[in-house]
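Structural characterization, general
Spelled out from the first residue to the last, the chains are:
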Amino acid sequence: MLIIVNGREEQIAQGSALAEYIRSKDLASGEFIYILNEMLIERERLENTILKERDRLEVLKFVGGG
Amino acid sequence: MDDKLFLGGREISSRLFLGTGKFPAKTVIPAAIARSGSQVITMALRRVDFDSPAENILTYIPKECILLPNTSGARNSDEAVRIARIARAAGCGSWVKIEVISDNKYLLPDNAETIKAAALLAKEGFVVLPYMSPDLMDARRLQEAGAAAVMPLGAPIGSNRGLKTKELIRILIDEISIPVIVDAGIGKPSEAAEAMEMGAGAVLVNTAIATARDPVLMAEAFALAVKAGRQAYLAGLGATKDYAEASSPLTGFLQER
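Structural notes, computed from the coordinates. The model shown is predicted, which means the values in this text are computed figures rather than measured ones.

Regarding its fold elements, chain A presents one helix and five strands. Sequence-ordered secondary structure for chain A, helices as α and strands as β, is β-β-α-β-β-β. Taking 11 Å as the expected radius of gyration for a compact globule of 66 residues, we find that chain A reaches 12 Å, a close match to that expectation. Summarising its shape, the C-alpha atoms of chain A cover approximately 40 × 25 × 20 Å along the three principal directions. Counting every atom, chain A has about 3600 Å² of accessible surface; 46% of that belongs to carbon and sulfur. The average position of the 9 basic charges and that of the 12 acidic charges among the side chains of chain A differ by 3 Å.

Next comes the structure, spelled out in structure tokens:
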């Protein structure tokens, strides 16, 4: 199925949990901020959040800035 | 001497705010923060690049600092509000530097959109610090909108060109009752001192420190300059004159007969 991650379309397996997706990207889940369809997903909910067709996911982090 | 800066209901220990962009290595940041004595530290929110997911900047900012996430990347008030809400929801606290920029060459702020975002975010309980072009009427609108301070630019972001907008900032300091924090353009400690001598509440410095040959040493140089400038403001500068006025007595010269 198709989801949109950071503005780019991506194909993933049906029924994937957000946590699985993060593991597939080799990201340490604690480091980042996950916004699914404009809602912040807290770390403890990553395992139970199942991605759906055309979900919009933003994976963000704080960086240096002035 | 009782000279405290209060922002968002908190007493701020240092009038030097520090940005965390452009440092040669993130590992330099903790030492630069320590030597600057800064308590208010800015950072930005960005999408993760999956090919090179860099480390979280928060790892390098001591826990006792006040985090001031900026809304850089926002081109209008809606985008700024969204970034502010995400930063707060992500546990960054409720302070935000509103930065709305649609001009890519000079990175000048859009005051009208900034005022809109400030009004909304102040109502939502944010401590709102808006980056702005130094315009008196807009500064008044930001004050009415509930901003905790106004942050006029001295010169374009990252330009190190100094207090080019000095006369306009002087007017803001005279007319606006919330603190005026000079943000952007300050390139040298002497310029930070000058802003403080004029009565600025604080200065926000990033590029001048981060891109110095020795950022940690420069952080301390700025801290000293900000303290000196503030003390000079409190002491009250002497009047300037067009002609000389001797400092030594004009009587009793040794060659007089």
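Still to come is the rest of the account.
Within chain B one finds eight helices and ten strands. The C-alpha atoms of chain B give 20 Å as radius of gyration, which agrees with the globular expectation for 257 residues (18 Å, within 12%). Dimensions of chain B along its principal axes, counting C-alpha atoms only, are 85 × 40 × 40 Å. Taking all 257 residues of chain B together, the buried fraction comes to 51%.

A word on the environment of B:V40. Residue and element names in this part refer to chain B. Relative to the elements of secondary structure, V40 occurs in strand β4 (residues 40-47). It is 19 Å that separates the C-alpha atoms of V40 and I86, two residues lying 46 residues apart in sequence. For V40, the contacting residues outside a window of four places in its chain are I12, F17, L18, I66, L68 and W95.

All names here are of chain B. For K4, the location among the structural elements is in the segment before β1 (5-7). Note on K4: relative accessible area 40%, which makes it partly exposed. Remark: the alpha-carbon pair of K4 and L254, spanning 250 residues in sequence, is separated by 50 Å.

Take the packing of aromatic side chains next. This structure, assessed with the given rule, holds zero aromatic pairs over all chains. The aromatic ring of B:F50 is capped on one face by A:K25, whose charged end is 5.1 Å from the ring centroid.

A word on the interface of chain A and chain B. Counting residues at the interface gives 21 residues for chain A, matched by 30 residues for chain B. Buried surface at the junction of chain A and chain B, summed over both partners, amounts to about 2200 Å²; 61% is from carbon and sulfur atoms. Among the residues chain A hides against chain B, the three largest losses belong to A:K61, A:F62 and A:G66. Together they make up 35% of the total. Connecting chain A to chain B are two salt bridges. Put simply, A:E38 and B:R82 hold a salt bridge, and the shortest N to O gap is 2.7 Å. Viewed at the interface, chain B and chain A are joined by twelve residue pairs in polar contact (both at pLDDT 80 or more). For the side of chain A that touches chain B, the secondary-structure elements that each account for two or more residues are β3 (33-36) and β5 (56-64) of chain A.

With that settled, consider helix α8 (residues 215-235) of chain B. Residue and element names in this part refer to chain B. In this model, α8 (21 residues) spans 30 Å end to end at C-alpha, consistent with the 30 Å of a helix rising 1.5 Å per residue. Every buried residue of α8 is listed here: P215, V216, A219, F222, A223, A225, V226, G229, R230 and A232. Where the residues of α8 are buried, they touch β3 (16-19), α1 (29-36), α6 (189-197), β10 (202-205) and α7 (207-210). The first or second residue beyond α8 is G236, which carries a positive phi of 85°.

Cut-offs applied
Residues numbered from 1 in each chain as written. Chains lettered and ligands numbered in written order. Predicted model: local features only at pLDDT ≥ 70, side-chain atom pairs only at ≥ 80, totals over all residues. Heavy atoms only, no water. Helix = DSSP H or I, 4+ residues; strand = E, 2+ residues; numbered from the N terminus. Rg over C-alpha atoms; globule rule 2.2 N^0.38 Å. Areas by Shrake-Rupley, 256 points an atom, 1.4 Å probe, with all protein chains shown as cover. Lys, Arg positive; Asp, Glu negative; His and termini not counted. Charge placed at Lys NZ, Arg CZ, Asp CG, Glu CD. Buried < 20%, exposed > 50% of the residue type's maximum accessible area, 1.4 Å probe, protein only. Contact = heavy atoms within 4.5 Å. Phe/Tyr/Trp six-rings, centres within 6.5 Å; stacked < 30°, edge-to-face > 60°. Lys NZ or Arg CZ within 6 Å of the ring centre and 35° of its normal. Buried area = accessible area lost by both parts, 1.4 Å probe. Salt bridge = Lys/Arg side-chain N within 4 Å of Asp/Glu carboxyl O. Polar contact = N/O pair within 3.5 Å; in protein donor to acceptor, adjacent residues only side chain to side chain. Expected span 1.5 Å × (residues − 1).

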